[in-house]
Each structure stands twice: as structure tokens, then as C-alpha cells.
Amino acid sequence: MGIDCLLISTNQVVTPYPVYPLGIAHLAGAMEEAGHKTVHYDILANGGIEGLKSVLTSSHPMLVGLSIRNLDTVDSTSKETYISEVIDIMTLVRHYSSAPVVLGGPAFSILPDELLSLLDADYGIVGEGELLLPWLAGCIESGDPPAKKIFRSNPAKNPWSPVQYDRKIADYYLAWGGMLNVQTKRGCPYTCGYCSYPSLEGRRYRFQDPEAVAHNVMRAVRDFGADYIFFTDSVFNDPKGHYLKVAEALIRAGNTTPWCAFFRPQGFEKDTLMLLKRSGLSAMELGTDAGCDQTLAGLHKGFAFDDVKHANDLAHSLAIPCAHFIIFGGPDEDRGTLAEGIQNLESLNGSVAFAFAGIRILPGTAIFERAIAEGIITRDQPMREPVYYFSPKIEEQELNKQLRKAWAGRFDRIFPASVMEDRIKHLHNHGHVGPMWDFLVRKRRK
Ligand code: B12
Ligand code: SF4
């Protein structure tokens, strides 16, 4: 029973480094639980388009899934778009297979109607696929394919399935930085103005059992050889403290592998950070997002710069490197806030700061509505080609000039963020593991 399904991860982006296609690892587990047989083909790891051609001619899947991760760089200083690569893959699939094609993945979920029509696919699943993909496979197996094309997952009902990493694919990604990724929860209840994560994952937390998280980490290390773990949660430190239970479970499991995650710079105490460090915390990526209280409020961040400073100083006192990601040029940015932001960031000792200019406008966010209200975009405008929101109170050129000038020659204040790409590649090439920005801080400390 069950059908053969080919799941293709179409992502070919290798900056800041190649990332294991975790979504398909979850889906492969869900499909197996439902009795379907899945082959995972990864364009980067399994031999590119040529390799896909031979998989399509030698196998006869009854359903083909395309996972679409990235639309573009979301960086106004290096605007590269990625969907044309998916069009090439789709053309190949249609040429060599008559199986229905279903689209999914974060990029698809952000622009489902636009991408379904552009790629002329049969189906699309918006959001998580653990429940809906096996259901669709079941419909196809029973000869009753649905007439409707787009299905939306209900986060509250989506189950956690066993994660199935693929050994050959894992080997490829591990060669670039030694990292595998694990998720401990889904959803984000915050309402930061530019952010698509809550609409992708839902606005309520759904937690993975801490023991299961620790098990996944230990398996990634023991069975696949991961030297570093990246927790892909939208925000690792939730106010309910699930992340502390994860840390305790990692300690109980005897984890010694370093890990990193995205943190919200709020609500940290020394004991908390010490516990995280004992569980393997090696570096923190902080969603600081703005440089002063006025622009933090403009992005609806819900914390103040003092909170950022507090989190940074605590981490610094425990020798945990921090990276702050800052979007300059968002709502309420002007010359004054830019200068204040640059100055405030100087006070964040032992940290790296990456600056971005302007906000990539994505549907489902507050900035999307604001951009419509301000006449920057129209509601029915195709959003595949990136459009950036810039505060009307400061010119884009002026902003870029000031940032370049302020951070010229700095190793730890980085603008544009893309200048790090070659350095990361070089360090990974030389066998260093992890996200690599932390290397800058550690090197300086020695
Ligand atoms: C963690 C993360 C990172 C980390 C990854 C670290 C690591 N080692 O894994 C880092 C910081 C490195 C990173 C980098 C980038 N990222 Co990022 N990242 C994320 C984040 C927060 C989570 C991704 C993840 O792993 N999710 C967990 C897995 C399990 O979920 P999933 O992949 O979505 O899969 C589920 C569903 O999508 C669906 N599904 C997936 N595939 C398929 C296929 C089919 C057929 C079906 C039916 C369903 C389906 O089912 C899966 C299981 O439920 C997302 C935002 C988010 N909250 O989703 C952004 C996100 C994916 N990133 C994004 C971008 C743009 C990037 C960068 C290009 C940014 C840059 N210029 O550097 C790079 C690209 C990196 C690369 N090589 O591809 C965008 C992509 C969309 C867009 N706007 O273009 C997102 C959505 C954030 C955003 N800005 O909106 N990222
Ligand atoms: S920026 Fe972070 S905290 Fe804010 S909504 Fe997005 S994921 Fe949640």
C-alpha cells in the first residue's frame, strides 16, 4: 500500500552557507508513517539538474513534490532572485514525468497563488505539509485526486513527525560547516512589523517534546556526524520557558555538541544563560532588528534598546558571542535615529552586527499593509520581484553612504552583509564548523 513519491529540494542558494533541507526531512518521516515511499532528491547534494534527469527517467513516482525555500536574498544591496531556477526544474519534471506536481515550502507559502500559476503546478500546500502531503498522496492512490488546487495547513492540527535525514544529502551539507538543523518548536506570537514567520508557522507556539529534541540532536551527531547544531525555531527563547526544558534535556542526554539559535533579546538572566551554555550554546543570533527605541517601536518589536544591551552584556560576561541583525531604513528611521542607532551599537561589546538597508516587503506582514497605504505597492501587485520599504524620512543612498562610512574597516560591524559570504566559505573550506561570524569575536578574544 502507499505510493512512490519524489520530493525535490530545489534550493541552490549557498550563502551564507548551504543549509540542509529540514522541511523534507520532516515530510519524509510523515510520508513513511502514512505508508508512502519517498525518495528525496536535493539539487545541490545529489548531482544537479543532470542527476534529476536520470532519477526522473529511471523511477516512476506517482507524485512529485517541489520544496521552494527562498524567493530572493531579502537584501536590497545584493538583489538576487531564485525562482527562475525552480522554473527550470519544473520544466524538466514535466518533460520526464506525467505525475501530478505539488508545491510547498516557505517561499511557496508566502506567494502561493503567484507561484502556483507561474509554475503551472497541479497542487500547492501552504504551510506545514506533515498532514496534507500524505493526505494528497492517499487521494492519488485511491484514484480520487482533488479538484481544488491550493490547500492550507492548520498549524494547530499539524503533528510532529519523526525527522528523517538522508545520509548522502547530510554528507554534502556537513562538508560546509559541519552543521545539521533541528527544530524545537513552531510558531511565533509576536507581531514585528516586517516578519513573515508568524504567518508561515502560526501565531501560537507548538512545542516539540524536549526529550525528542535531545534525541534528534544526539542522532544528528552520532548517526550523521554533525559537529554543530542550528536550532531553526523562529525564536528559541519563549516566555513559557520550553527552551530551558530543551536545554535540561540536552544536558541529561550528555550533549557536548555546540549549538546556535535565533534569540529575542529580552528576559535574560545570568542563570538562564549559564544553563544554556552548559547544554552546548556556543553563539547567539539576536533579532535586535533596530538600533534605537524609536525604530524598535516603528517595527513593533516590543522591547527597548536597554533590553538588547542587557542581553548582550550578560552573554559577553559569559564569553558567548552575539550577532545582532539590524534593519536600517525601516519605519520612522531618519538621520537622527540612524546616528543614534550606529552609536548604540557601539556599546554592544564582544558582538558582531550585520546591517541591512530597507525591508523586503512580504505579504502577510504589517509593512505590506503600510506600503499599500503609502502607495509604494498595490494590493494586487505581483511580489516575486522584490520591493523594499524605505522610510520616507531618509534617502536610500544617504543611508547606505552613512553606514558604509561608519563601519569602514571594521571586522565586527558588517555592511553590506554579503561581504561575509566569501569569508564564511573560506573558513568552512578550511574545516571550521558553525555559522562563522562567531569566529570573528573568538579570534579577537584570544
Ligand atoms: C532558520 C532559517 C535560516 C537559517 C538556516 C540555518 C540552518 N542551518 O538551517 C539561516 C540564518 C542560515 C538562513 C539563511 C537564509 N534564509 Co532563512 N530562514 C530560516 C527560518 C527561520 C526557518 C527555516 C526552517 O528550517 N524551518 C523548519 C522546516 C521544518 O520548515 P520548512 O522548511 O518551512 O518546511 C515545512 C513547510 O514549509 C512544508 N514544506 C517544505 N517543503 C515542502 C515541499 C512540499 C512538496 C510540501 C507539500 C510542503 C513543504 O512542510 C515542511 C514541514 O512542515 C525561515 C523562516 C520560517 N520561520 O520558516 C527563514 C526563511 C526560509 N529564510 C529566508 C531567506 C530569504 C534566507 C536567505 C536567502 C537570507 C540571506 N540572504 O542570507 C538565506 C538562504 C540560506 C540558504 N542557503 O538557503 C526566507 C525565505 C523566503 C524569502 N523571503 O525569500 C524565510 C522564509 C524568512 C523570511 N525572510 O521570510 N535562514
Ligand atoms: S522578528 Fe522574531 S519575534 Fe518578531 S515576529 Fe518575527 S520571529 Fe517573531
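In case you missed it, the structure is sitting above this.
Asks: Break down the sheet that holds strand β6 (residues 150-152) for me, citing the residues and quoting the values.
Replies: The strand order across the open sheet built from six strands is β2-β1-β3-β4-β5-β6, with neighbouring strands paired in parallel fashion. The two strands at the open ends of the sheet, each matched to only one other strand, are β2 (37-42) and β6. With strand direction ignored, the average angle separating the axes of adjacent strands in the sheet is 20°. Relative to strand β3 (residues 63-67), helix α6 (residues 132-141) is tilted by about 155°, and along the sheet it contacts β1 (4-9), β3, β4 (101-104), β5 (123-126) and β6.

Asks: Tell me about the packing of helix α10 (residues 242-252) against helix α11 (residues 270-278), and please be specific about residues and values.
Replies: In contact at an axis separation of 8 Å, α10 and α11 are set at 40° when each is read in the N-to-C sense. Of the possible angle classes, the one that applies to α10 and α11 is oblique. For the pair α10 and α11, the crossing hand works out as left-handed. Residues Y243, L244, A247, E248 and I251 of α10 form the contact with α11, whose participating residues are T272, L275, L276 and R278. In terms of residue class, the contact of α10 with α11 is built from six nonpolar, one polar and two charged.

Asks: Explain the site of ligand 2 to me, using residue names and the numbers behind them.
Replies: As a structural note, the neighbourhood of ligand 2 is formed by C188, Y190, C192, Y194, C195, Y197, P198, S234, V235, R264, D289 and K301. Looking at the shell around ligand 2, its residues break down into eight nonpolar, one polar and three charged.

Asks: Residue-level account of the pattern of salt bridges, with values.
Replies: Summed over all chains, the structure comprises 19 salt bridges. With a shortest N-O distance of 4.0 Å, R370 and D332 are connected by a salt bridge. Taken together, the residues R370 in helix α15 (residues 366-373) and D332 in the loop between β13 (322-328) and α14 (335-346) connect sequence positions 38 residues apart. On the accessibility criterion, R370 (29% relative accessible area) is partly exposed. Here D332 falls in the partly exposed class, since its relative accessible area comes to 25%. When salt bridges with common partners are traced through the structure, they connect E128, E130, R186 and R206 into a single cluster.

Asks: Can you tell me about the nonpolar core, naming the residues and giving the values?
Replies: Among the nonpolar cores identified, the biggest contains 62 residues, and I8, L52, L66, L103, F328 and I361 are the most heavily contacted of them. Of the residues forming this core, the biggest block, six residues, is contributed by helix α3 (residues 83-96). Summarising the domain contributions, this core has at least three residues from each of domain 1 (4-157) and domain 2 (177-445). Not counting chain neighbours up to four residues away, the residues in contact with L103 comprise L66, I68, F108, L115, L116, L119, A121, Y123, G124 and I125.

Criteria and thresholds
- Residues numbered from 1 in each chain as written.
- Chains lettered and ligands numbered in written order.
- Predicted model: local features only at pLDDT ≥ 70, side-chain atom pairs only at ≥ 80, totals over all residues.
- Heavy atoms only, no water.
- Pairing = 2+ DSSP bridges.
- Helix = DSSP H or I, 4+ residues; strand = E, 2+ residues; numbered from the N terminus.
- Axes fitted to C-alpha atoms, helices over the stretch in contact; angles between N-to-C directions.
- Contact = heavy atoms within 4.5 Å.
- Parallel < 35°, antiparallel > 145°, perpendicular 65-115°, else oblique.
- Left-handed = near helix turned anticlockwise from the far one by under 90°.
- Nonpolar A, V, L, I, M, F, W, Y, C, P; charged D, E, K, R; others polar.
- Near = heavy atom within 4 Å.
- Salt bridge = Lys/Arg side-chain N within 4 Å of Asp/Glu carboxyl O.
- Buried < 20%, exposed > 50% of the residue type's maximum accessible area, 1.4 Å probe, protein only.
- Core = buried A, V, L, I, M, F, W, Y, C linked by side-chain atoms within 4.5 Å.
- Domains from an automatic or database assignment.

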